[in-house]
Amino acid sequence: MHIAIIGAGINGLMTALELVEQGCSVTILDQQQAGRAASWAGGGILSPMYPWRYPQAVNALAKYAKPLYQTWNDKLYPVTGIDFEVHDTGMLIFDEADFATGLRYAEQHQQPMQQALYIEQEQIEQINPQVSTDFKQALYFPQLANVRNPRLLQSLSRYLQQHPQVTWLEHAPVRQLKITADQITAVQTEQGDWIEADQFVFCTATWSAQWSDQLNLNIPIRPVQGQMVLFKTPPHWLPTMCMNQVMYLIPRQDGHIVCGSSMREVGFDTTPTTEMREKILQACFEMVPELAAFPIIQEWAGLRPGSPEGIPCIGPLPQLRNGWANFGHFRNGLCMAPASAVLLRQFILDQPALINPQAYDPASQLMLNARTV
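What you see is a predicted model; the values in this text were computed from it and never measured.

Once that is clear, we can look at the nonpolar core. Counting 74 residues, the largest nonpolar core has Ile 10, Met 14, Tyr 69, Leu 160 and Tyr 360 as its most contacted members. Beyond its immediate stretch of four places on either side in the chain, Ile 10 contacts Ser 39, Tyr 69, Leu 152, Leu 153, Leu 156, Gly 333, Leu 334 and Ala 337. If you look at the next biggest cluster of nonpolar residues, it comprises 25 residues, including Ala 138, Met 247, Ile 257 and Cys 284.

Quick look at the sheet that holds strand 7 (residues 174–180) now. Ordered by their spatial adjacency, three strands build an open sheet running 7-8-9, and the pairing between neighbours is antiparallel. With partners counted over all chains shown, the strands left at the sheet margins are strand 7 and strand 9 (194–196), one partner each. Direction aside, the axes of adjacent strands within the sheet are offset by 30° on average. Bridging between strand 8 (residues 183–189) and strand 9 involves three bridges; their strand directions are antiparallel. Across the sheet, residue Val 187 finds its bridge partner in strand 9, namely Ile 195.

Another aspect to go through is helix 7 (residues 149–161). The end-to-end C-alpha distance of helix 7, which contains 13 residues, comes to 18 Å, matching closely the 18 Å that a straight helix rising 1.5 Å per residue would cover. For helix 7, the set of buried residues is Asn 149, Leu 152, Leu 153, Ser 155, Leu 156, Ser 157, Tyr 159 and Leu 160.

Taken N-terminus to C-terminus, the directions of helix 4 (residues 65–80) and helix 10 (residues 333–348) make an angle of 75°; their axes are 8 Å apart at the nearest point. In terms of axis orientation, helix 4 runs roughly perpendicular to helix 10. Facing Ala 65, Leu 68 and Tyr 69 of helix 4, the residues of helix 10 in contact are Leu 334, Cys 335, Ala 337, Pro 338, Ala 339 and Val 342. Classifying every residue of the contact of helix 4 with helix 10 by side-chain character gives nine nonpolar, no polar and no charged.

Here is what the cut-offs are and how they apply
Chains are numbered independently. Their residues run from 1 in the order of the written sequence. Under the rules for a predicted model, residues below a pLDDT of 70 receive no local features and side-chain atom pairs below 80 are neither given nor counted, while totals for whole chains, interfaces and linings still include all residues. As a rule here, side-chain values come from all non-hydrogen atoms in the structure, and water together with hydrogens is ignored. Buried residues of nine kinds, namely Ala, Val, Leu, Ile, Met, Phe, Trp, Tyr and Cys, make up a nonpolar core once their side-chain atoms join them within 4.5 Å. Under the scheme applied here, a residue whose accessible area is under 20% of the maximum for its type counts as buried, over 50% as exposed, and between as partly exposed, the area being computed with a 1.4 Å probe on protein chains only. Whether two residues are in contact is decided by their heavy atoms, any of which lying within 4.5 Å being enough. Any two strands with at least two DSSP-identified bridges between them are counted as paired. Starting at the N terminus, helices and strands are each numbered in turn, a helix being any DSSP run of H or I of at least four residues and a strand any DSSP run of E of at least two. Note on definitions: angles span 0 to 180 degrees between N-to-C directions of axes, and those axes are lines fitted to C-alpha atoms, for helices only across the stretch in contact. To estimate the expected span of a helix, subtract one from its residue number and multiply by 1.5 Å. By definition in this entry, angles of less than 35 degrees are roughly parallel, angles greater than 145 are roughly antiparallel, angles of 65 to 115 are roughly perpendicular, and the rest are oblique. Lys, Arg, Asp and Glu make up the charged group, whereas Ala, Val, Leu, Ile, Met, Phe, Trp, Tyr, Cys and Pro make up the nonpolar group; the residues left over, Gly among them, are polar.

Geometry only, nothing functional implied.
Right, dumping it as structure tokens:
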């Protein structure tokens, strides 16, 4: 079976990986360099921030992130030489209003990886001595981890580029779909090339709404900007991830610390602003004051694929026998991607589903506003 995957962010690349490992041949198309949009720009926390604030459909996928990434890293690292760096740091959350809910969450939803401990200042200092003494209590999630997403994307890209069943087309925006009756027969790139396949998968993230007219659907995906700041400290200087009021610090193994993040609806603008940078820095310095002594080495903004409830569309596109969706992951693309790819692979190859797919059905999310011809 030959499958064309439109979009080479984390969901497109993971979907391609799942399918080629099952013996399919895959053509991957992206409008720019693979893995350089929101997937690269994110923080890489392998859990939704405050999972109790999200629908269970989000957490049902996200709980597989850490074990699946660990498995794929073990498989790909010997081939690519690139370590994803699945980093078991744990996380401290200082939002007191979330303490009661956070403590109950793991048991209520049978998610042991979200097990939390209530700790006070002496324990905070033992776990992470860099935290401000202004914080007298916290929730500690010892099993939470992060992945170094730029390296994850580099490893996936390198593995797929060398794979004999993969055709790789970067800087090839798809502009036109050729639809006959209830099938897509080909897609045309901006360069004028027609790509034929048996199946077509749309992993187009923030840009998914561009297909609304050609697919005769209202696809409610919008760009939501998130801004980030990167510090460099000595290795292992910050022992844990930290979070307060939706701002976070994510330490990498070599001492880089990713700080974010914002939420702004400014269309497709990826320009960082000084005002948002100062808000991020203020929140991060409140958590870890000594971070201000270290240099900022980079800042950027990315575009999340905003969807109404943050629940992605995964499965068959309405009215098409060979069109598939895997988009709309909003703030949790990295942590939902591995299980989303498994679920879509199971759909396409008619295999038993990892979880109940009903919540992700594109027909329930897209058809309500479909236009008639």
